[in-house]
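Listed here are the chains, written in short residue letters.
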Amino acid sequence: QVQLVESGGGLVQPGGSLRLSCAASGSIFSFIGMGWYRQAPEKERELVAIITSGGSTNYADSVKGRFTISRDNAKNTVFLQMNSLKPEDTAVYYCYAGRISGRYWGQGTQVTVSS
C-alpha cells in the first residue's frame, strides 16, 4: 500500500523557481530510491532526478546544476527544487518510488514555464 502525493507545480516565468514536494504514505526508508520524472506532450517520460535511501543523488544532464533533489525523512517527503527554469522544463512532473518488489508513481503535477 503505497501512495505518493505531489504538490508545488504551477505557472512560472523563465528564470523563475519552483519547489515540488512528494509525500509518501509510509517511511521513505522502505524505498531503494525515490525521484522525479517528467513527461511533456508527445514525448516519453524521462528521468529528472533520483535520491537513494542512502542519500546519493543523480540528475539528468538537462537539469544538472539547476535542480536539486532532497528529502525530509521525518516527514516522509522528497523535494525537487527547480531554479533557472526554462520553457523546455514544461511538463507534468511525477514522483517515483522504487522497491525490490515494485515501482510506484504519484498522480503528477503540472509545471509550465512561460512568459
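Cut-offs and rules
- Residues numbered from 1 in each chain as written.
- Predicted model: local features only at pLDDT ≥ 70, side-chain atom pairs only at ≥ 80, totals over all residues.
- Heavy atoms only, no water.
- Salt bridge = Lys/Arg side-chain N within 4 Å of Asp/Glu carboxyl O.
- Buried < 20%, exposed > 50% of the residue type's maximum accessible area, 1.4 Å probe, protein only.
- Helix = DSSP H or I, 4+ residues; strand = E, 2+ residues; numbered from the N terminus.
- Pairing = 2+ DSSP bridges.
- Axes fitted to C-alpha atoms, helices over the stretch in contact; angles between N-to-C directions.

## Re the pattern of salt bridges
A pair can form between side chains of opposite charge whenever their charged atoms are brought close.
Then comes step 1: For the structure on display, the rule yields four salt bridges.
Then comes step 2: The closest approach of N and O atoms between Glu46 and Arg38, which form a salt bridge, is 2.9 Å.
Then comes step 3: For Asp61, the salt bridge identified is with Lys64, shortest N-O distance 3.5 Å.
Then comes step 4: In this structure, a network of salt bridges that share partners links the residues Arg38, Glu46, Arg66 and Asp89.

## Considerations on unusual backbone geometry
Then comes step 1: Its identity is not glycine, yet Glu42 carries a phi of approximately 65°, on the positive side.
Then comes step 2: Among the residues examined, Glu42 registers a relative accessible area of 86% and is labelled exposed.
Then comes step 3: You will see that Asn76, though not glycine, has its phi angle at about 50°, which is positive.
Then comes step 4: Within the secondary structure, Asn76 sits in the loop between strand 7 (67–72) and strand 8 (77–82).

## Structural notes on the sheet that holds strand 1 (residues 4–7)
Then comes step 1: If you walk across this open sheet you meet the four strands as 1-3-8-7, and the pairing is antiparallel. Either end of the sheet is taken by a strand with one partner, and the two such strands are strand 1 and strand 7. The sheet shows a mean angle of 15° between the axes of neighbouring strands, taken without regard to direction.
Then comes step 2: Judged from the four bridges that link them, strand 1 and strand 3 (residues 18–24) form a sheet pairing that is antiparallel. Bridging from a neighbouring strand, Val5 pairs with Ala23 of strand 3.

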